[in-house]
Structure formats: structure tokens, C-alpha cells
Amino acid sequence: MCHVIVTCRSMLWTLLSIVAAFGELIAFMSTDWLVGFPRTPDAMFSPHGATAEAYRPTLGLYGRCIRLQLRRGALCGPYAASFAEIASGFWQAAAIFLAAGILLLCAVAFISVFTMCFQSIMKKSIFNVCGLLQAIAGLFLILGLMLYPAGWGSAKAQLYCGPDASAYKLGLCSMGWAFYTALGGTVLTFICAVFSAQAEIATSSDKVQEEIEEGKSLICLL
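Caption draft 1: View of the side chain of Ser10. Within the secondary structure, Ser10 sits in helix α1 (residues 8-29). Ser10 sits in the buried class, given a relative accessible area of 4%. Each residue touching Ser10, except ones within four places of it in the same chain, is listed here: Phe127, Ala199 and Thr203.

Here it is in C-alpha cells:
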């Protein structure tokens, strides 16, 4: 008989796991890892005469946002047509580690939705298994984030950050929101890995066992 067990701690762990996975995925796909130095495109004409509006281009692991001549909106898209064309070998390695971590987080986020009905798999707590996967994912994410700044000296990064940019030195650039989102998602991943133990304890507590012995199939506990 399937028992649906819902507790505050298990639901909070599920929610945080989903947030961590989506946060890392959005950051990985974003072009706002680096924000380049301000620059002025060719003159743009308006009813009040020629104007030149300064803007700051952005650069991601494999994408970028720039402004074309005589166009006010930004043009965003991948600059690399293939994996080999990513600007730096360090960024290629970072992308591999980040993608591996995100893949594990997405798998855990998917599984976490079903933990209300299935609390074990092959006689092992599904929460503990997911917590272990989240810890491994967190290690992959840390490696990716540590490798990423090593690629700031690439020719592509110097176009956005100036010739003074080098490994672990930003030059004229500043960090974009995507990097901080990835960093925050990594911290949240480790929090989820630790909190998975609390979710497991909550769903296997004495109160839950009492509810099961009473024949209840839907168990909701605060």
C-alpha cells in the first residue's frame, strides 16, 4: 500500500532542491557572467539630433549580449557554434563541471517530487541517496566556479574587459548576476544535502509510524 507522507521538513527540502536546480540552470544559460566596460556605439539619430548612448556588453560561458550599430536593443545569443569554440579551455572545463552538477540537481529535483509517495529505493532512504547526489553536485559546481575565473585572460574576455584582464583578474569588467546566482545555488545545494537528513527523519518519525499503523494512507504532519 502506498502511503503519501507530507511533512514541513520534507516539503521544504523538495522546494529548496527545485530552486537550487533551476537557479543553477538559469545561471548557466545566462550571458551575464561578465559585464564589460562601458562603450559607445556609432552615433544613433533621434528627432533631437545625433546621440551616442553608452552601454555595457555582457559575456557568458558560451553566449554574449552586444548592441549593433543604429540599434537600441541588445543582441543576445551564443558566440560559440560548437563546444570547441568556447573562448577558453578553462571555460570548457568549467562548463563540463557545471553541466554535470546541474544534471544531478535536476535529477534530484525530479525525484524529490515523488518522495511524498516513495521514501525508499532498494531498501535505502531516497532522501539520503538524493542528499549524497546533491553533495556530489555541489563539488562539481565548486570546481566549475573555481575554473571559470582562470579563463579571464582569454582573447574573448579581453575584448570585453580590456587588455589588463588575466586569470583571476577582471580588468575593466565586473561580475554579473549569473555568477552570483550560480554561487548562491551552490551554497543552497550543500544546504539541501545536509537538510535531506532532516527530511528523512521527519518522514520516518514515530508519529508517522503511528499514523501508518492506524491505516491512514495520507499523512500530513507539521
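Caption draft 2: How the structure looks around the packing of aromatic side chains. Following the criterion strictly, the structure yields 10 aromatic pairs and no others. Here the aromatic rings of Phe28 and Tyr62 are separated by 5.9 Å at their centres, their planes lie at 50 degrees, and the arrangement is tilted. Taken together, the residues span a long stretch of sequence, with Phe28 in helix α1 and Tyr62 in the loop between β5 (58-59) and β6 (63-67) at a distance of 34 residues. Among the residues examined, Phe28 registers a relative accessible area of 16% and is labelled buried. With relative accessibility at 27%, the residue Tyr62 sits in the partly exposed group. Aromatic rings pair up to connect Trp33, Trp91, Tyr148, Trp152, Phe179 and Tyr180 into one cluster.

Caption draft 3: Representation of the state of the cysteines. Taken as a whole, this structure holds 2 disulfides when the rule is applied. There is a disulfide in this structure between Cys65 and Cys76, and the S-S distance comes to 1.7 Å. When the S-S torsion is 115 degrees, as for the bridge of Cys65 with Cys76, the disulfide is right-handed. Here the residue Cys65 occupies a position in strand β6, and Cys76 occupies one in strand β7 (residues 74-78), the gap between them amounting to 11 residues. Assessed through its relative accessible area of 45%, Cys76 is described here as partly exposed. Two residues, Cys161 and Cys173, share a disulfide whose sulfurs are 1.9 Å apart. Every disulfide takes its handedness from the sign of the S-S torsion; for Cys161 and Cys173 that torsion is -90 degrees, giving left-handed.

Caption draft 4: The arrangement of the pairing of β6 in detail. Extensive coverage of β6 is indicated by the burial of 4 of its 5 residues. With 2 bridges joining them, β5 and β6 adopt antiparallel strand pairing. The residue bridging Leu59 from the neighbouring strand is Arg64, located in β6. Hairpin geometry of β5 and β6 is characterised by an intervening segment of 3 residues between the two adjacent antiparallel strands.

Caption draft 5: Focus on α1. The end-to-end C-alpha separation of α1 is 32 Å, in line with the 32 Å expected for 22 residues at 1.5 Å each. For α1, the full list of buried residues reads Ser10, Trp13, Thr14, Ser17, Ala20, Ala21, Gly23, Glu24, Ala27 and Phe28.

Caption draft 6: The packing of helix α2 (residues 89-112) against helix α3 (residues 126-147), seen in detail. Where α2 contacts α3, the two axes come as close as 8 Å, and the packing angle between them is 160 degrees. For the element pair α2 / α3, the angle class is roughly antiparallel. Here α2 and α3 pass one another in a crossing that is left-handed. In contact with Phe90, Ala93, Ala94, Phe97, Leu98, Ala100, Gly101, Ile102, Leu104, Leu105, Val108 and Ile111 of α2, α3 contributes Ile126, Cys130, Leu133, Gln134, Ile136, Ala137, Phe140, Leu141, Leu143, Gly144, Leu145 and Leu147. Grouping the amino acids of the contact of α2 with α3 by side-chain chemistry returns 21 nonpolar, 3 polar and no charged.

Caption draft 7: Spatial organisation of unusual backbone geometry. With a phi angle near 65 degrees, Tyr168 is a residue other than glycine that sits in the positive phi range. The residue Tyr168 is located in the loop between α4 (155-161) and β10 (174-175) in this model.

Calculation rules
Residues numbered from 1 in each chain as written. Predicted model: local features only at pLDDT ≥ 70, side-chain atom pairs only at ≥ 80, totals over all residues. Heavy atoms only, no water. Helix = DSSP H or I, 4+ residues; strand = E, 2+ residues; numbered from the N terminus. Buried < 20%, exposed > 50% of the residue type's maximum accessible area, 1.4 Å probe, protein only. Contact = heavy atoms within 4.5 Å. Phe/Tyr/Trp six-rings, centres within 6.5 Å; stacked < 30°, edge-to-face > 60°. Disulfide = S-S within 2.5 Å. Pairing = 2+ DSSP bridges. Expected span 1.5 Å × (residues − 1). Axes fitted to C-alpha atoms, helices over the stretch in contact; angles between N-to-C directions. Parallel < 35°, antiparallel > 145°, perpendicular 65-115°, else oblique. Left-handed = near helix turned anticlockwise from the far one by under 90°. Nonpolar A, V, L, I, M, F, W, Y, C, P; charged D, E, K, R; others polar.

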